[in-house]
Amino acid sequence: MECQEEKPIIYTMENKPIVTCAGDQSLFTSLYTSLAQQLPREPMEWRRTYGRAPKMIHLEANFVQFKEELLPKEGNKALLTFPFLHIYWTDCCDTEAYKTSVKEDMLRWQNSLRTHASPDWVIIVVEANDTKKKNKTNILPRSSIVDKIRSDFCNKQNDRCVVLSDPLKDSSRSQESWNSLLLKLRTLLLMSFTKNLGRFEDDMRTLREKRTQPGWSFCEYFMVQEELAFVFEMLQQFEDALVQYDELDALFTQYVLNFGAGDTANWLNSFCAPVRNWSGLLLRRPIDMEKRDSIQRGEASLLDLRSYLFSRQCTLLIFLQRPWEVTQRALELLHNCVQELRLLEVSVLEGALDCWVFLSCLEVLHRIEGCCDQAQLAANCSHTVGLWAYATDKLKCLGEHCGLVSEKGPTSEDLNRTVDLLAGLGDERPETVNSLQSPYKKLKEALSSVEAFERHYLELSHAAMEMYRAISRLRSARLVGKSLAEFYMRKGDPEKAETFLQEALKSYVSEGWGLPVTHTRKQIAECQKLLDRTEDYLQTCALLAGDVNLTTEERKHFCQEILTFAGKSGDQSPKVTLSMGVFAQLTRLQFRPATASVHSGAVLQVELNLRCFMPVSVSIQQLAASIHFDLERGGTNGRSKGAHRQTNPGTVEFSQANSSAGPPSSSGAAGPSLELDEIHDRSPTDNALNSTGVVCKNTHLVMRRHDSSSPPDTPNCVSPPTVAVKEGGQMLKVQDVTLEPGNNSIVFTAPSGQPGTYTLRQLYATVGQVQFVLPHIYPSVQYEVYSQEPQLTVEPLSEPLLAGLPQMVKFTLLTGHYTVKKGDALQLSNTDTMPILPSNSCTARISNPTAELVGESVLSIQSSEKVTSISLPSTPPYHTLEFQLEVLCVIPSGSDRPPNERLTNGEVRHRPRHYSHPDNPMITLDQRMSIDCPWSIYSTLLALTFYIPFKTKHSLLSAGNRKYIQVCVQNVSDVNFTLAEVKLTEKQNESLELQSLNTKTQQLLCSKHSVFCMWEVRWKDDLPSCLQCVFSANFSPANQDVSSSFKPFHYQFQLERVTTLYSVRVQITPPAGEQHCRSGFLCGLEVCITRLTEPGEGEMGEESKTDTDGLRTTKLMYEVADSSSNWAVCGKSSGMVSMPMAASATHKVQIEVMPLFAGHLPFPKIKVLKYLPHTAAVAIQPDPDSCVENDSLSLLDKALDDQGDTASIRSRGSVHSVGSGDQQNKPGVSMPRLEPFSPGQVFNHSHTQQVLVLPATDDHIMEVNAT
């Protein structure tokens, strides 16, 4: 305690700004308690200089009695002992007393302040209602005393004299007086702070700017800026105080870096002295006065300065409740100090720096544990784990330095080193003497014995690893584990060491760290050799032998280890299976032939390209690949993939990322990708698709389990499991192969005896007692051996096949496994619609599977009434036989349906289908032929598609009672034709004459063009109601001139209701008194409908009825329709007419119309339709496809059941009900309906007539602008 009194410890939190009190001390003592309590209650805004942000601070003060010794001397820059404010207390109310004593005392007080340049003062006059003083006669009013004081001392600063009224009373006046006093004191204190701190900072800044001058000392500047930090700490502005220490830290660091770069400073020499003490950081004191004094004297070492500076930063950070920043700064400090000692070339005893770092790490951790609970420590272990790991590493270095890690224990030299290190620690500090777990005791105990060191080192290592795992920093945890493995290796425990090394190796391999992988593998190999684990050791040796990070000598050493073991006899050592990925890499696989598909018994070669990783040549007794055989997927029987055989890639490249040992993976954890293939199930008879599906080809890779902590299929981490190789199955084998370092090529002959799919699954190489196995060949490699059934196809020699003309078709026979013998023949069934034309010479070509011509032979073709027999030449299996035949597809003439025919196989031959494709205007015909083949008991049905080159249509034209038939032939093909002998006949009526109006005997019919032919119908008695017509012509391609090349073409059609029943005449008369019609004036429209013939038998029953006069009549409906909007109909535009069914019967209708335009206007269009009552049966409509009416003289151009026309009739208010289209179409509802006449039954004489319409007036106005 005596020592503490001589040299007190400064604790800045207890320091307060000094305020001196002069005058009446008893008065001040009575008010001290209230003043000290109320002063810091209200915060004040502190506005600082240089644009710094204002802050709210609570002001406290240390009130002391005024002594002239407290006033600052000239040159003294200490702020902690600086009096910021001087107060004079008085309660004088007597004039005599004021003049005789108080005034003189105030003068002495102010003279002292002026002498020491202390302008911050205030005089406080206390008013109290004292009964004793009221009896005095010379008492003046209190205000007079205050005025005298102000006039004597405060001439220009009246606010420096403050009155405190009744301070000891509890009244509003007293409280208001107190508030005024406290505000004045806070303001004056704050002004003094601002002024004095500003002056101090300016002086400090000036001193810092002189740092380049000789004689400048960092230690002196350190003390000055720390004084400023103390003031901020005194004001509880810890952030500003921390900034001061950070600036000092940065300034010193910059000087050290400059020293390392060659820019030296003289004051740094004191920090280059050898380190004599390495007791570590001291964070349990607010201020380490010993180190501060050494800094002030300029005797501190680098570690002393850094330790003191960090202890101050730590104290302030804990005040700021930022303990985790302490750990971050501590880790940076420890690493930086090590580097700074090297830069300054400071002499340090070997191991001393490790002691200092170890003690400092534990001191920081204990300091943090003292201000945080266990829950906070566990949640924020990410901030402390770095210190734990650093302490572990330094303790390991100390153990190695002191001989505590070796198997034999420390030597005498090691013990001497330990004694020297412990001597540099000094005595234990008083703060930690009573602590059982102090850093000092831990280090001293750890260095005392091998067992204690091992206990402490393992405790720290496991604690660091657990923390790293808790925050998911697995790399760092495994790095600590690797250090722990090295410790176990030194201790002679390789089994424990290998566990940690394997964990570290997983991280290095998955992240691609080449050099750490190599170094760790060497350590693992050493462990495995000591443990006598032969298989694992050989696996690691193989990896190291192929590691390019090692020297050639090292690689050869590890390769020789493998060859030495492989050369042992089977009695001395068992057979060992290793992964192929460590020995060689499969880079390329190529099939010959490249299609990877051959027929059974054919020769198939497989070339493997292997990249050997070994540094020397390696002789292999056997190199083999196991094959998985799949019978279902081979050949063409049963399930097959599509209509054709699957095509396998002839060459497979294996990327380096796959290493041929497993599927590629994204970041080593995504697993193999799916290999999907499509499967079709087809019928064996007609190849029809029964079902389809998707199959996964690499299920064995996708479904297997992977370790979540390591990438799949990585032989680098652990030894692969033993793979059982099936010796009895089909295999690719080659004996006695020498693999050179680098790329090698090996050729196998693949088995191809049995049809099916062969998949290469495993590859293994045998070197004596060592077998290298590639468990999965990826991507999947397979080839197909097929046994193909004979296939016969027919295809056109040129597209398209035109019906009606001889066309060449090509027959292709793929013999498959069948051998075509002499005498084998194809039996083709003959049909009338597609006969096979005889040929003088037909040559067959025979080619092998590679499309090379083998031979040619002339075919023998024999034809009978029903069968055409084609004798085939001898052809070996799996060859192609091709020949050509000429066929003719007969164009169907029309609606005639030939009787059903039967093919040679007994099936009924159906009529050829004809249809039109949207992209092709030609109508197509599908012709099927039946072929009996010698290799099958079933007939083969083949189809050919022919295209009809023509489109034919007909139309009936009328001119009164005269009838004409027009036939249009359109060439829709790309070939030009010549038409000859064009005829039209009628099959039923011999008296009917069809007179041709065609003048040319031959006509050229170009592509995409049409030819029109016309005949006039003449009859003697009566014109039949129905005509059965046949159009015939001969056609030939235009480029052939031989008359024998013409082929017939027939077109049948039927015309019904061809007789003209009614004629319609229209007449337009101008208005009265006018010669011509005028626009806008009403004109007369007269419609005359005349019956031309007597009614027929069918017409009498369905359309007519009998009047009261016995006359049969029928009802017609007329409508005036002007689609060009030239006429306006006034009145009804439609109506009903009761027409007598007798020849020459006439009915006239008068209608008023108005021309809307002038000029030659066409007559309005008149439509006439049959009106059928609700009792009439629905008439059978003629086939619209059999007859197309495009006669310009016809009356009807549109059916009346069109919705637009019926709507217009209803809108005009017709009194006749015609019904709607929807009602007429409903079954079971008998409604009146309208029915159009057939083409030619109504003839309109006025269809193309025009009438002259004049304008309404002849006045014309023309505007002319002349410029």
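Everything numeric here is computed off the predicted structure, so don't read it as measured data.

Parameters and conventions
Residues numbered from 1 in each chain as written. Predicted model: local features only at pLDDT ≥ 70, side-chain atom pairs only at ≥ 80, totals over all residues. Heavy atoms only, no water. Helix = DSSP H or I, 4+ residues; strand = E, 2+ residues; numbered from the N terminus. Buried < 20%, exposed > 50% of the residue type's maximum accessible area, 1.4 Å probe, protein only. Contact = heavy atoms within 4.5 Å. Areas by Shrake-Rupley, 256 points an atom, 1.4 Å probe, with all protein chains shown as cover. Patch = residues over 30% accessible without salt bridge, like charges linked within 9 Å, V, L, I, M, F, W, Y side chains within 5 Å. Salt bridge = Lys/Arg side-chain N within 4 Å of Asp/Glu carboxyl O. Phe/Tyr/Trp six-rings, centres within 6.5 Å; stacked < 30°, edge-to-face > 60°. Lys NZ or Arg CZ within 6 Å of the ring centre and 35° of its normal. Pairing = 2+ DSSP bridges. Axes fitted to C-alpha atoms, helices over the stretch in contact; angles between N-to-C directions. Expected span 1.5 Å × (residues − 1). Arc of directions from axis to C-beta. Parallel < 35°, antiparallel > 145°, perpendicular 65-115°, else oblique. Nonpolar A, V, L, I, M, F, W, Y, C, P; charged D, E, K, R; others polar. Left-handed = near helix turned anticlockwise from the far one by under 90°. Disulfide = S-S within 2.5 Å. pLDDT = per-residue confidence, 0-100.

### Brief notes about the overall build of the chain
Per the secondary structure count, the chain includes 25 helices and 57 strands. By residue count, 47% of the 1267 residues in the chain fall in the buried class. Long-range contacts, defined as pairs at least 24 residues apart, comprise 73% of the intrachain contacts of the chain with a sequence gap of at least 6. In the structure as shown, the chain presents an accessible area of about 63,700 Å², 49% of it carried by carbon and sulfur atoms.

### Topic: a nonpolar patch on the surface
Together, L674, L676 and V694 make up a nonpolar patch on the protein surface, roughly 330 Å² of accessible area in all. Tracing the chain through its elements places L674 in the loop between β14 (651-653) and β15 (676-682). Residue L674 is classed as exposed on the basis of its relative accessible area of 54%.

### Details of the pattern of salt bridges
Per the counting criterion, the structure on display carries 48 salt bridges. Notably, a salt bridge pairs E363 with R284, separated by 3.3 Å at the nearest N-O pair. Taken as a pair, E363 in helix α11 (residues 352-371) and R284 in the loop between α7 (238-260) and α8 (289-297) lie far apart in primary sequence, 79 residues in all. Under the relative-accessibility criterion, R284 is labelled partly exposed at 32%. Linking E882 and K810 is a salt bridge whose minimum nitrogen-to-oxygen distance equals 3.7 Å. Pair noted here: E882 is in strand β31 (residues 880-888) and K810 is in strand β24 (residues 806-814), with a separation of 72 residues, a long-range link. Judged by relative accessible area, which is 24%, E882 ranks as partly exposed. For K810, a relative accessible area of 22% gives the class partly exposed. Taken together, the salt bridges that share partners define one network made up of E239, D246, R322, E325 and R329.

### Re unusual backbone geometry
The linkage connecting R592 with the following residue, P593, adopts the cis geometry, with an omega of 5°. Residue position: P593 is located in the loop between β9 (584-592) and β10 (597-599). Look at the link from E799 to P800: it is a cis peptide, with omega at -10°. Assignment of secondary structure puts P800 in the loop between β22 (791-796) and β23 (801-802). For Y878, which is not glycine, the phi torsion reads 55° and is therefore positive. Along the chain, Y878 turns up in the loop between β30 (867-871) and β31. Phi at K1008 takes a positive value of approximately 65°, unusual for a residue other than glycine.

### A short note on the packing of aromatic side chains
As enumerated under the stated definition, the model contains 40 aromatic pairs in all. Taking the centre distance of 5.9 Å and the plane angle of 50° together, the rings of F28 and F63 count as tilted. Separated by 35 residues along the polypeptide, F28 in helix α2 (residues 25-38) and F63 in strand β4 (residues 62-65) bring together distant segments of the chain. Summarising the burial analysis for this pair, F28 and F63 share the class buried. These aromatic residues form a ring-pair network of at least three members: W216, F218, Y221, F222, F252, Y255, W267, F271 and Y308. Here the guanidinium or amino end of R160 rests over the ring plane of W121, the centre of that ring lying 5.6 Å away.

### Some details on the sheet that holds strand β42 (residues 1010-1018)
The four strands are arranged β37-β38-β42-β40 in an open sheet whose pairing can be described as antiparallel. Lying at the two open borders of the sheet, with one neighbouring strand each, are β37 (950-959) and β40 (993-996). On average, each strand axis in the sheet is inclined to that of its neighbour by 25°, with strand direction left out of account. Where strand β38 (residues 962-971) lies against β42, eight bridges are found, and the strand directions are antiparallel. Opposite Q966, over in β42, you have M1014 as the bridge partner.

### Here's the deal with the environment of R276
Position of R276 among the secondary structure elements: in the loop between α7 and α8. With relative accessibility at 66%, the residue R276 sits in the exposed group. Measuring from C-alpha to C-alpha, the distance between R276 and G426 comes to 9.7 Å, with 150 residues separating the pair along the chain.

### Some details on helix α14 (residues 412-423)
Between the first and last C-alpha of α14 there are 17 Å, a value that for 12 residues agrees with the 16 Å anticipated at 1.5 Å per step. Listing the buried residues of α14 in full gives D414, T418 and L421. Buried residues of α14, seen end-on, are gathered within an arc of 65° and therefore sit on one face of the element. Those residues of α14 that are exposed and angled more than 90 degrees off the buried face are S412, E413, V419 and A423.

### Re the sheet that holds strand β41 (residues 1002-1005)
Across a sheet, paired strands are connected by hydrogen bonds in the backbone, their directions being either parallel or antiparallel. Here four strands make up an open sheet; going across it, the order is β41-β39-β43-β44 and the pairing antiparallel. In this open sheet, the two strands that pair with only one neighbour each are β41 and β44 (1047-1056). On average, each strand axis in the sheet is tilted by 35° relative to the strand beside it, whichever way the strands run. Alignment of strand β39 (residues 977-986) against β41, held across four bridges, turns out to be antiparallel. Looking across to β41, one finds that F977 is bridged to L1005.

### Here's the deal with the packing of helix α15 (residues 439-446) against helix α16 (residues 450-470)
Following both chains from N to C, one finds α15 and α16 inclined at 130°, their axes separated by 7 Å at the closest point. Viewed along their axes, α15 and α16 adopt a mutual orientation that is oblique. Listed contacts from α16 to K442, E445 and A446 of α15 are A452, F453, R455 and H456. A breakdown of the residues in the contact of α15 with α16 according to their chemical character gives three nonpolar, one polar and three charged.

### So, the packing of helix α18 (residues 494-511) against helix α19 (residues 514-531)
Contact pair α18 / α19: the axes reach a minimum separation of 9 Å and the direction vectors enclose 155°. In terms of orientation, α18 lies roughly antiparallel with respect to α19. The interaxial crossing formed by α18 with α19 has left-handed handedness. Here α18 contributes P494, E495, A497, E498, L501, Q502, L505, Y508 and V509 to the contact with α19, which in turn contributes P516, V517, T520, R521, Q523, I524, C527, Q528, L530 and L531. The residue inventory of the contact of α18 with α19, partitioned by class, reads 12 nonpolar, four polar and three charged.

### What to know about the pairing of strand β29 (residues 860-863)
Pairing geometry for β29 and β30, over four bridges, is antiparallel. When the sheet's bridge partners are listed, I861 is paired in β30 with I870. The turn joining β29 and β30, which pair antiparallel and follow one another in sequence, is formed by three residues.

### A few points about the environment of E413
Summarising the element assignment, E413 is placed in helix α14. A relative accessible area of 52% means that E413 is categorised as exposed. For the pair formed by E413 and C402, sequence separation is 11 residues and the distance between their alpha carbons is 8.3 Å.

### What to know about the state of the cysteines
Here a disulfide denotes a covalent bond joining the sulfur atom of one cysteine to the sulfur atom of another. Applying the stated criterion across every chain yields a total of zero disulfides. Not engaged in a disulfide, the cysteine C968 finds its nearest cysteine sulfur in C1013; these two sulfurs lie 8.8 Å apart.

### Observations concerning the confidence of the model for the chain
Within the chain, residue pLDDT values average 80, and 83% of them lie at 70 or more. Predicted confidence is poor over residues 634-644, with pLDDT under 50, and the contacts of this stretch with residues over four places away or in other chains come to 28 contacts.

### Remarks on helix α9 (residues 302-319)
End to end, α9 covers 26 Å across 18 residues, agreeing with the expected 26 Å (1.5 Å per residue, within 8%). Within α9, 16 of the 18 residues are buried, which leaves the element mostly enclosed by the surrounding structure.

### Overview of the environment of A688
Within the secondary structure, A688 sits in the loop between β15 and β16 (689-696). For A688, the residues in contact, after removing those within four places along its chain, are D681, R682 and S683.

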